[in-house]
Amino acid sequence: MKLLFFILVNQLLVNAQPNLDSIMRNISKDPDTTKIRILNDYTWTYRSKDPTAALRSGQEALRIALTIENKSLQAKSLNLIGVVYRNLGDYDKAITYYKDALRNAEAAKDSLQIAFSNNNIGGIYRLIGNNPLSLEHILRALNIFERLNNKEGMAFCTINIGLVYKNQGDFVKALEYLNYTLRIRNEINDNSGKALTNNLIAEVYFDMGEYNLALDYYREAESGYKKIDDQKGIAAVWGGIGGVYYSQNNLKDALKYRLQALDLSHKIQYKEGRIINHNNLALIYAKLGDLNKAEFNLAESQKLTSDMKAAYVILQSYRFWSQYYEIRKDYIGALKYNNKYIMLKDSLLNQENIALVRSMESIYKAEKAEKEKSVLEKDVELKEKQRNYLIVIALLILAIAVVTYNRYHSKKLANEKLKELNAVKDTFFRLIAHDLKTPFNAIFGYTEILKEDFSDLSDEEKLSFIDDIGKAAKQNYQLLENLLIWSQSQAGRLEFNPERINMKEIISESKDLLIPSAKNKNIVLNVECENDIFIRVDEQMITTVFRNLISNAIKFTHVGGHVTINVGSQSNGVKISIEDNGIGMDETTVEKLFRIDRIETKNGTQGEKGTGLGLILCKDFVERHNGQIWVESKPGIGSKFIFTLPF
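From a predicted model like this one, the values you see are computed outputs, not experimental measurements.

**Student:** Honestly, the overall build of the protein in this entry has me stumped. Any pointers?
**Tutor:** Helix and strand counts for the protein come out as 26 helices and seven strands. The buried share of the protein, reckoned over its 647 residues, is 50%. Sequence-distant contacts, at least 24 apart, represent 66% of the contacts inside the protein between residues at least 6 apart.

This is the structure we're talking about:
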C-alpha cells in the first residue's frame, strides 16, 4: 500500500501542484527515508514554479535526514536547497549549501552526490565569473558521472562546460558541447533538459548575430517548457525572443515579450530575469520616447543589481546602461558605464589567466585517473595552444623524422631519404611559419591602430578592425588545432576508440558548426543521408574529416554556391562524398593533395587561408578506418571529395 501511495504522490508532483501541507500530512506515518525522498522530489519539481514552497520542503527533508543521521540523503537535500537559492540569485547561500552537501557526500562515500555537488559548485563559480575554478569542479564531476555511466549527470556537466566557453566568447566550442548535451538529453528522453539546452543554443546563436537561427531554437525551447510548465524557462525564452525582436528593430513585439517575461519573473522571484528584462525595457522605452517608463526600469535594474554577485549579469547591465545613456544623448553617463564595463571585463579576463594554471594543476595533482588526466590535458591545450605552437611544431618535426626513418630503414637509401626529408621539412615549415605570421601581423597592426587612433576612428571602423582581429585569431587557432592533432597522430598518442554512430547525426553536427561560415558567402549546405545508417567509427576522427572537407568546400566555392554531403550504403560499408560547384582543380593540383612532401598554400574565393594540412589529416583518419579517400575535380566546375568507410 505504501509503495502505491508513493507512486501516486510522485504522479501528483509531475502533473499538478498539490498543497505541501497536505502532502506532509499524508506521509506523516511513512518511513523517514520515504518522507525525505517525496519532499526532495517536491523541492526539485517546484524549484522554479514556487521557490518558497520548494525551500520549505527541502528544509523539512534535511531536518528528517539529520534526525536519522543519513549523510547521503542530507547531501541530496542540501544540493536541492542550493539549486533553489541559485535560481533566486542568492549565490552565497547556494554555494554554502553545495559545499555542505559535498562534505556530507564525501563522508558517506556517495559518488553520485559528490559528482552533483562538484558540478553545482562549478556552476556557481561560472556565474560569478571564475571560469577556470568552475571548470576544475565540473571536470571532477564529469569524470565520476562517466565512470558511473550516469548520462543525466554527464549532461549537467557538459551543459556547464558549454556555458563556460560561451562566457569566454568561444562560440564554436560552446555549440559543440551544447549539441553533445542535446544528444544525451534525447537519448534519455529528458524533456526539461532538452528545453533548457535549446534555450542555451539559442542564446549562443543570438550572441553570434544569427537571429533567425536563435529565434528557431527559442521557439523550440518555448514549446518544451510549456509542456512541462517550467515557469523560469518560459520567462527566459520570452526574454530571449524579445531580444531578437529588439535586434531586428521590431520594438512593438520586443516590448510585448519583455513585459511578459518581466511579469513572470516577478511571479516566480527570478531575480536575474527581472534585471535583464528591466535593462531591456529601459532601452525599448527610450527608443519609443517614453522617458518616464525608461527611467523607472533603469532605476529598478540598478536597485536589483546593487547586491548581485553574478559577474556576467553585472557586466551586461553596464553595457545596457551605457547604451541607454547613449540613446538619451547623455554621453557622460554613457562613458561612465562603458568604462565600468571595460574594467569588469578586463578583470574577468585577468582572473581567468591568473587562475587557469593554478586550478588545472590542482586537479592534476588531486586526480590521478588516466581518463581525467586526458580531459584536463586537452583543456589546458585549448588554453595554451597559441603560446605553445613552437612546441607543437617541434613535435611535428620529430614525428616526420621518426616516420621517415622507419619507412626508409635501408642503409643504402638512408642519406638520400634524410636529405629529402630536410627539403620537405624546410618547405613545410616555411609555409606554416608564413601562415602563422600573417594573421599575427594583422592582429598586431590593427591593435596598434586601435591603440593610437582610437578617438579618431568611427564606430564602424573600430568594429571592422575588431572583426578582422577576430578572423585572424580564428585562422591561427584552426591551423594550430590541425597541427596539434597531426603531431599527436604521428607520435602515436592519438587514441582510436570506435563506437556505433548514426551518420546523419554526426554530419548534422559538423554542418551546424559551419553554418555561419556558409551564410557569410550565401552558400547552401545540403545533406543527403538516410536516418538509419549506423557505422562503427572513432567519432572524433570522423568529425575532424567532415569538418575539414566541408570547410574546404565552403572556402573554395563562390558566393551563392552550394555544397552537398551525400551518404550511400554499399555492400561492405558506406560511400560519402562532399561536392561543391566551386573553382575546381587541375590534374597537377589534384596530384599534390594528401601528400606532406607536396603540401602548398592556396587561398579560397574570398582570400581564406589554408595550408592543406587538413587534407593530410583526412587521409590519415580515413585510412585508420581501413577506408579510402580520393578526389574528382575539374577547373571552373567544382570538386567532389569521396571516401569510404567499411561497416
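**Student:** Sorry, what's going on with helix H7 (residues 111-127) here?
**Tutor:** Because an α-helix packs 3.6 residues into every turn, residues spaced three or four apart end up facing the same way. Taking 1.5 Å of rise per residue, 17 residues should cover 24 Å, and H7 covers 25 Å from first to last C-alpha, within 8% of that figure. Most of H7 is tucked away: 15 of the 17 residues are buried. Backbone nitrogen of Leu112 and a side-chain oxygen of the N-cap are separated by 3.2 Å at the start of H7; the cap is Asp110. Just downstream of H7 lies Gly129, where phi reads positive at about 100°.

**Student:** Which parts of the structure should I look at to understand a negative patch on the surface?
**Tutor:** Residues Glu326, Asp459, Glu460 and Glu461 make up a contiguous surface patch of negative charge. Here the negative patch takes three residues from helix H22 (residues 459-490), the largest share from any one element. Relative to the assigned elements, Asp459 resides in helix H22. Classification of Asp459 as partly exposed rests on a relative accessible area of 48%.

**Student:** When you look at the pattern of salt bridges in this model, what are you seeing that I'm missing?
**Tutor:** Charged atoms that come close allow side chains of opposite charge to pair. This model, assessed by the stated rule, comprises 21 salt bridges. Across the pair Glu579 and Lys640 runs a salt bridge whose closest N-O atoms are separated by 3.9 Å. A residue pair is termed long-range when its members are at least 10 positions apart, and Glu579 in strand S5 (residues 573-580) and Lys640 in strand S7 (residues 638-646) qualify at 61 residues. A relative accessible area of 37% places Glu579 in the partly exposed class.

**Student:** Would you take a moment to explain the packing of aromatic side chains for this structure?
**Tutor:** Centre-to-centre distance and the angle between the planes together describe a pair of aromatic rings. As enumerated under the stated definition, the model contains ten aromatic pairs in all. A centroid spacing of 6.0 Å and a plane angle of 65° characterise the contact between Phe116 and Phe156, whose relative ring orientation is edge-to-face. Of the two residues, Phe116 is situated in helix H7 and Phe156 in helix H9 (residues 151-167); the sequence distance between them amounts to 40 residues. An aromatic cluster is built from Trp44, Phe116, Phe145 and Phe156, whose rings are joined through pairwise contacts. Taking NZ or CZ as reference, Arg47 lies 3.7 Å from the ring centre of Trp44, over its face.

**Student:** Is there a simple way to explain unusual backbone geometry in this structure?
**Tutor:** Most peptide bonds take the trans form, and the phi angle of most residues other than glycine is negative. Non-glycine residue Asn249 carries a positive phi angle of around 65°. Among the secondary structure elements, Asn249 is positioned in the loop between helix H13 (231-247) and helix H14 (251-267). Phi at Asn522 takes a positive value of approximately 55°, unusual for a residue other than glycine. For Asn522, the position within the fold is in the loop between helix H23 (503-520) and strand S2 (524-528). Given a relative accessible area of 53%, Asn522 falls into the exposed group.

**Student:** Sorry if this is basic, but what is going on with the side chain of Asn198 here?
**Tutor:** For Asn198, the position within the fold is in helix H11 (residues 191-207). Among the residues examined, Asn198 registers a relative accessible area of 8% and is labelled buried. In this structure, Asn198 is in contact with Leu182, Tyr217, Glu220 and Ala221, ignoring residues within four places of it in sequence.

**Student:** Any chance you could explain the sheet that holds S2 here in plain terms?
**Tutor:** Backbone-to-backbone hydrogen bonds join strands into a sheet, with any given pair of strands oriented parallel or antiparallel. Spatial ordering of the open sheet is given by S2-S4-S5-S7-S6, a layout of five strands whose pairing is mixed. Two strands bound the open sheet, and with one partner strand each, they are S2 and strand S6 (629-634). With strand direction ignored, the average angle separating the axes of adjacent strands in the sheet is 15°. One ladder, built from seven bridges, connects S5 with S7; its direction is antiparallel. Looking at the pairing, Ile578 lines up with Phe641 of S7. Seen against the sheet, H23 touches S2, strand S4 (562-570) and S5 and runs at an angle of roughly 175° to S2. Running at roughly 25° to S5, helix H24 (residues 539-555) makes contact with S2, S4, S5, S6 and S7 of the sheet.

**Student:** Sorry, what's going on with the packing of H14 against helix H15 (residues 271-288) here?
**Tutor:** Any two packed helices are characterised by the angle at which their axes cross and by the distance between the axes. Axis separation between H14 and H15 bottoms out at 9 Å; the angle between their running directions is 150°. By the angle between their directions, the pair H14 and H15 is classed as roughly antiparallel. You can see that H14 and H15 cross each other, and the crossing is left-handed. Seen from H14, the contacting residues are Leu251, Ala254, Leu255, Arg258, Leu259, Ala261, Leu262, Ser265 and His266; seen from H15, they are Gly273, Arg274, Ile276, Asn277, His278, Asn280, Leu281, Ile284, Tyr285, Lys287 and Leu288. A class-by-class count of the residues in the contact of H14 with H15 yields eleven nonpolar, six polar and three charged.

The rules we used
- Residues numbered from 1 in each chain as written.
- Predicted model: local features only at pLDDT ≥ 70, side-chain atom pairs only at ≥ 80, totals over all residues.
- Heavy atoms only, no water.
- Helix = DSSP H or I, 4+ residues; strand = E, 2+ residues; numbered from the N terminus.
- Buried < 20%, exposed > 50% of the residue type's maximum accessible area, 1.4 Å probe, protein only.
- Contact = heavy atoms within 4.5 Å.
- Expected span 1.5 Å × (residues − 1).
- Polar contact = N/O pair within 3.5 Å; in protein donor to acceptor, adjacent residues only side chain to side chain.
- Patch = residues over 30% accessible without salt bridge, like charges linked within 9 Å, V, L, I, M, F, W, Y side chains within 5 Å.
- Areas by Shrake-Rupley, 256 points an atom, 1.4 Å probe, with all protein chains shown as cover.
- Salt bridge = Lys/Arg side-chain N within 4 Å of Asp/Glu carboxyl O.
- Lys, Arg positive; Asp, Glu negative; His and termini not counted.
- Charge placed at Lys NZ, Arg CZ, Asp CG, Glu CD.
- Phe/Tyr/Trp six-rings, centres within 6.5 Å; stacked < 30°, edge-to-face > 60°.
- Lys NZ or Arg CZ within 6 Å of the ring centre and 35° of its normal.
- Pairing = 2+ DSSP bridges.
- Axes fitted to C-alpha atoms, helices over the stretch in contact; angles between N-to-C directions.
- Parallel < 35°, antiparallel > 145°, perpendicular 65-115°, else oblique.
- Left-handed = near helix turned anticlockwise from the far one by under 90°.
- Nonpolar A, V, L, I, M, F, W, Y, C, P; charged D, E, K, R; others polar.

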